[in-house]
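Here's the letter readout for the chains.
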Amino acid sequence: MYAHQGSILHVDLTEDKIWKEPLPEEWRKLYVGSRGINARLLWDYCKDPDITWDDPRNVIIYAPGAVTGTTAPASGRTSVTTVGCTTGLYLKSNMGGHWGAELKFAGYDHIVVHGEAERPSYIEINDDHVDIHEDTDLWGKDVLETDTYLKKKHGYDSKGLYIGPAGEKLVRGASIMGSCYHAAGRGGGAAVMGVKNLKAISVKGTKPIRVKDPKRFAEVAKEMRELLIEDSGAQGLHEHGTAGSMAGVNELHALPGKNWQTGHTENVYPITGQAVTEQGYLKRRVACFGCTIGCHRYSEIDEGPHAGIASGGPEYETLGALGNGPGLVDTEAVLILNEICNRLGLDTITAGTVVQWAIESYERGVLTKEDTDGLELGWGKLEETKEAIIKMAERDGSLGNLMGDGLKIATEQVGQESYKWAIMNSKGLEQSNVETRSAKAYALAFAVNPRGNDHLMTETFAEFGASPEAVEVIEKITGDKKYATPHSTEKRAEIVRWHEDCYEITEALGFCVFTSTAAFGVNPDNMARLYEAATGIEMDEETLMRTGRRVVTLEKAFNVTRGATRKHDDLPYRLMHEGAASGPLKGETNNPEELAKMLDRYYTLHEWDLKTSWPYRSTYEKLQLDDVADYLERFGRLPEE
């Protein structure tokens, strides 16, 4: 088999059983790889709505992309798919690093982990040798300690995927960490590993990856690299990382602060990517496998009371959630909190969003000193914020347990209308730091995201028209450059749907989404040509984008089995009912009427029912998902056409 290795590895932790099965040729055509085939596997194993995230029947699936391990640029990404613990719905998360390529070199396209180990364990993969090791000594180690421990056992050239103490304690914002500092962070996948008593997966591989037409493959890969080199967005990502845009976002009054009560901060420089670089904290730029951009960072504090603090990052989202959000406009404060989250295996977005909610709840008197275990929470207080986050990761005390369950459960426990300042939508995931009140395609994309409201299932950055390449994308989708403006609600459904399909195929092939939705050197046309050259499977742009639509619809169907309806496609109460605090769009909201109009258009484009948001039978059948329609019909979850 070309590009794919042709093998799915299954590991049953309950039965201590390991087996392999061939990758179906038909799936390579219908779902391409990684996220797409993961979605199919999750549907096949977990479509029964009685299977919850902590049910031993829940599986967790890991998969690098269809062209991961080749010379295609920035194609080293890995998707992780399971029933999410934060929402109880479909969860796909994705990470960079080198682990995914190593798994391909070991000879596997997907790993499906079933069951629960009786005691703490890890999986070792060394080409054809696969073993489950019971190892209670690993439990309690942080991510770096786990990496050191397993590399001593299995070689420094092995690649690891780990959970930290947060995952062990079933914290719903716990991150899966790959190659130490690359996180499949959102939705609590690490808690699913934790409940399975699965601490790590160590991989080492030596097998080659073949492509069908090496000459054509090299030509398309070269074309992609050259387009990325020329792209202005890619150049900025390399120089200052994702945080290079922080000052610009602040000038737009779109930088959330103090739990989204502000949108602009005076002297935001200390928490910009430029500050991390220019003040000497940046020690090196880091590239994932095959990446020509190198947007990741490794930073360290050299002197002073915090000398020696060092870790991967921080990224834009981390500087926003742990810096501007809790009022810590201080480079070293963010580096300290970022290092704690990385070591303990905690998603920085969720950690920052939950701690901001706790601070505001304390300010309002909804949380008392007894609830916070004596902590005097407040804006701009590093030591209190630090202690609260450590408590969250370790589920320590009343505050730690409350924060460890995430906003959805915390607001239900606390009551007192605390959901009104909890930045999550009805699905329950804590929102990433995008000001959707002034970016309407993002608002729609966040509302319909099957895993909850963030930017990592559909990135509509092009709506800002921030580069000639972005404007060109918007013109291609809508037919007119004038729609390259984030404040308009016109054509937002068209923009979101196109980006959904593009985002899906980008991840299915294993590319970083920055290459196709932030920079634009990788696009549906050259991805289709590359996939055909790699696999020998006939493919064009339209057919490839249709595979993206198929997977998006399958992911939607998974949530339909769990009872998700149109009412779950909303935005946080604060953003829907409270106006932006300042700037040219002061007073602007994501009001329900505006969102409803965009949803109507979005569902119409998808051929989904306007009342329930559920796809029709004919929609499934057009996408060759007839069996999915048959299953849903048994539960009365096919709307009348």
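Attention in this report is confined to the structure presented alongside it. Bear in mind that the values here come from a model prediction, so they are computed numbers and not experimental data.

**Regarding the overall build of the chain**
Thinking step 1. In terms of helices and strands, the chain carries 26 helices and 15 strands.
Thinking step 2. Against the compact-globule benchmark of 26 Å for 641 residues, the chain has a radius of gyration of 23 Å, which places it among compact chains.
Thinking step 3. Each principal axis of the C-alpha atoms in the chain carries an extent, and together these give about 60 × 60 × 50 Å.
Thinking step 4. Taken over 641 residues, the chain has a buried fraction of 65%.
Thinking step 5. Long-range pairs, those at least 24 residues apart, make up 67% of the contacts in the chain between residues at least 6 apart in sequence.
Thinking step 6. Placing the 71 positive and 98 negative side-chain charges of the chain at their respective mean positions leaves the two points 2 Å apart.

**Concerning the packing of aromatic side chains**
Thinking step 1. Applying the stated criterion across every chain yields a total of 13 aromatic pairs.
Thinking step 2. Plain terms: the ring middles of Tyr 90 and Phe 558 are 6.0 Å apart, the flat faces sit at 70 degrees to each other, and that makes the pair edge-to-face. Highlighted residues: Tyr 90 in strand β5 (residues 90-95) and Phe 558 in helix α22 (residues 541-561), separated in sequence by 468 residues. Of the two residues examined, Tyr 90 and Phe 558, each falls in the buried class.
Thinking step 3. With a centroid separation of 5.8 Å and an interplanar angle of 65 degrees, the aromatic rings of Tyr 602 and Tyr 603 are classed as edge-to-face.
Thinking step 4. We classify Tyr 603 as buried; its relative accessible area is 0%.
Thinking step 5. Directly above the aromatic system of Trp 139 lies the positively charged group of Lys 199, at a separation of 6.0 Å from the ring centroid.
Thinking step 6. Arg 284 extends its terminal NZ or CZ atom over the ring of Tyr 298, reaching a point 4.2 Å from the ring centre.

**What about the environment of Gly 248?**
Thinking step 1. Looking at the secondary structure, you find Gly 248 in helix α9 (residues 246-251).
Thinking step 2. Gly 248 sits 133 residues away from Gly 115 along the chain, and the two C-alpha atoms are 47 Å apart.

**Some details on the nonpolar core**
Thinking step 1. Tyr 62, Trp 99, Ile 111, Ile 125, Ile 201, Leu 346 and Trp 357 are the most contacted members of the largest nonpolar core, which totals 107 residues.
Thinking step 2. Setting aside its immediate chain neighbours within four residues, Ile 125 contacts Leu 9, Leu 103, Ala 106, Tyr 108, Ile 111, Val 130, Ile 201, Ser 202, Val 203 and Lys 204.
Thinking step 3. Among the nonpolar cores identified, the runner-up in size contains 63 residues, and Ala 3, Leu 237, Met 539 and Leu 595 belong to it.

Procedures and definitions
Starting afresh in each chain, residues are numbered from 1 along the sequence in its written order. At least 70 in pLDDT is required for a residue's local features to be given in this predicted model, at least 80 for side-chain atom pairs to be given and counted, and no such filter applies to totals for whole chains, interfaces and linings, which use all residues. The basis for every side-chain value is the complete set of non-hydrogen atoms in the structure, without hydrogens or water. The helix and strand labels rest on DSSP assignments: H or I over at least four residues marks a helix, E over at least two residues marks a strand, and numbering proceeds from the N terminus. With C-alpha atoms as the basis for the radius of gyration, the globule rule is written as 2.2 Å multiplied by the number of residues raised to the power 0.38. Here's how the labels work: a residue is buried when its accessible area is under 20% of the maximum for its type, exposed when over 50%, partly exposed in between, all with a 1.4 Å probe on protein chains only. Contact definition: two residues touch when any of their heavy atoms are within 4.5 Å. Charge counting treats Lys and Arg as positive and Asp and Glu as negative, with His and both chain ends excluded. Charged groups are reduced to one reference atom each: NZ for lysine, CZ for arginine, CG for aspartic acid, CD for glutamic acid. What counts as a ring pair is set by centres within 6.5 Å for rings of Phe, Tyr and Trp (its six-membered ring), and what kind of pair is set by the plane angle: stacked under 30 degrees, edge-to-face over 60, tilted for all other angles. Either the NZ atom of lysine or the CZ atom of arginine qualifies as a charge over a ring when it sits within 6 Å of the ring centre and within 35 degrees of the ring normal. Note on terminology: a nonpolar core comprises buried Ala, Val, Leu, Ile, Met, Phe, Trp, Tyr and Cys residues joined through side-chain atoms within 4.5 Å.

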